[in-house]
Amino acid sequence: DETYVLMVIVDPEALLGLLMAQRLPRDWVGTVLDTNSRVVARTFNPTATLGKPASQSLQDALATAAEGWIHGTTIEGADVYASFHQSPASGWTVALAIPAEVVEAITSEVIRLLAVGLAFATGLALLLAALYSRRISAPIMALATSAKAIGWGARVYPPIDAPVREVRDVSRALLASAHGFKEREEKLRAADH
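What you see is a predicted model, and the numbers here were worked out from it, not measured in a lab.

Novice: Can you lay out the nonpolar core for me, pointing to particular residues and giving the numbers?
Specialist: One finds L33, L58, L62, I70, F84 and A97 to be the most contacted residues of the largest nonpolar core, which totals 13 residues. At the level of secondary structure, the elements contributing two or more residues to this core comprise β1 (29-33), α3 (56-64), β4 (79-86) and β5 (93-99). Not counting residues up to four positions away in its chain, the partners in contact with F84 are L58, A61, L62, A65, A66, E67, G68, W69, I70, T93, V94 and A95. Residues L143, A149, V167 and L174 belong to the second largest nonpolar core, which totals 8 residues.

If you want it as structure tokens, here you go:
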């Protein structure tokens, strides 16, 4: 059995050119790391960071998973959210770091829009509830007044044209009850005379 070793020389400038061609926003950081988590190419401060270890947060993440998202820091200590993927074939890693304030600003905007939408929906619901409660409460009050009027023997004016069917049904029943009460009263008077 013979063992062979294949060696490839990678020009960091060529990898940096590939990263730069992605035209990342200026404050984002694209990085390529070797199998030892050392910088091979980096879009931010490429010359000074060449060969340096990746940030501790990225190293810790790579120790537990081959790919994912983390909230960590860059080599310079900037607060970022970073995605990373380690190639199973080569063991090299590509990472993309986005400033935390960019991600959090987007999240804050989404939360603000949700809050505004919720406030609008709540206001609309309260307005509709107030409008519909008036449509219901006024006829119900008229029903209560009509029921008392029957007890006093006064003339009854239930809301027979109310917008709610059940209220109209009760109004008709009250009206029939008032007529029945009046007829019985007249019969009792006629019987007494």
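Novice: How would you summarise helix α5 (residues 165-192) if you had to cite specific residues and measurements?
Specialist: Helix length check: α5, at 28 residues, gives a terminal C-alpha distance of 41 Å against a target of 40 Å (1.5 Å per residue), a fit within 8%. For α5, the complete set of buried residues consists of V167, S171, L174 and A178. Where α5 is buried, its residues touch α4 (100-152).

Novice: Tell me about a negative patch on the surface, and name the residues and values.
Specialist: A surface patch of negative charge is lined by D27, D79, E101 and E104. Taking the relative accessible area as the measure of exposure, E104 reaches 34% and is therefore partly exposed.

Novice: Would you mind going over the pattern of salt bridges in detail, with residue names and values included?
Specialist: Enumeration over the complete set of coordinates arrives at 4 salt bridges. With its nearest N and O atoms 2.8 Å apart, the salt bridge here joins R42 to E76. Placement of R42 in strand β2 (residues 39-42) and of E76 in the loop between β3 (67-73) and β4 is noted, with a sequence separation of 34 residues between them. What makes R42 buried here is its relative accessible area of 3%. You can call E76 partly exposed: its relative accessible area is 37%. Measuring nitrogen to oxygen at the nearest pair gives 3.3 Å for the salt bridge that ties E166 to R165. For E166, a relative accessible area of 45% corresponds to the partly exposed category.

Novice: Give a detailed account of α3, specifying residues and quantitative values.
Specialist: Where α3 is concerned, the buried positions are S57, L58, A61 and L62. One side of α3 holds all its buried residues, which, seen down the axis, span an arc of 135°. Exposed positions of α3 whose direction lies more than 90 degrees from the buried face are Q56, A63 and T64. In this structure, the buried residues of α3 make contact with β1, β3, β4 and β5.

Novice: Residue-level account of a nonpolar patch on the surface, with values.
Specialist: On the surface, F120, L124, L127, L128, L131, Y132, I136 and I140 cluster together into a nonpolar patch covering about 750 Å² of accessible area. Note on placement: L128 falls in helix α4. With relative accessibility at 39%, the residue L128 sits in the partly exposed group.

Novice: Tell me about unusual backbone geometry, residues and numbers included.
Specialist: A positive phi angle, near 50°, is found at R23, a position not held by glycine. Looking at R23, the relative accessible area reads 75%, which means it is exposed. Not every positive phi belongs to a glycine, and N45 is a case in point at roughly 55°. Relative to the helices and strands, N45 is located in the loop between β2 and α2 (46-49). Residue class for N45 comes out partly exposed when judged on its relative accessible area of 38%.

Basis of the calculations
Residues numbered from 1 in each chain as written. Predicted model: local features only at pLDDT ≥ 70, side-chain atom pairs only at ≥ 80, totals over all residues. Heavy atoms only, no water. Core = buried A, V, L, I, M, F, W, Y, C linked by side-chain atoms within 4.5 Å. Buried < 20%, exposed > 50% of the residue type's maximum accessible area, 1.4 Å probe, protein only. Helix = DSSP H or I, 4+ residues; strand = E, 2+ residues; numbered from the N terminus. Contact = heavy atoms within 4.5 Å. Expected span 1.5 Å × (residues − 1). Patch = residues over 30% accessible without salt bridge, like charges linked within 9 Å, V, L, I, M, F, W, Y side chains within 5 Å. Areas by Shrake-Rupley, 256 points an atom, 1.4 Å probe, with all protein chains shown as cover. Salt bridge = Lys/Arg side-chain N within 4 Å of Asp/Glu carboxyl O. Lys, Arg positive; Asp, Glu negative; His and termini not counted. Charge placed at Lys NZ, Arg CZ, Asp CG, Glu CD. Arc of directions from axis to C-beta.

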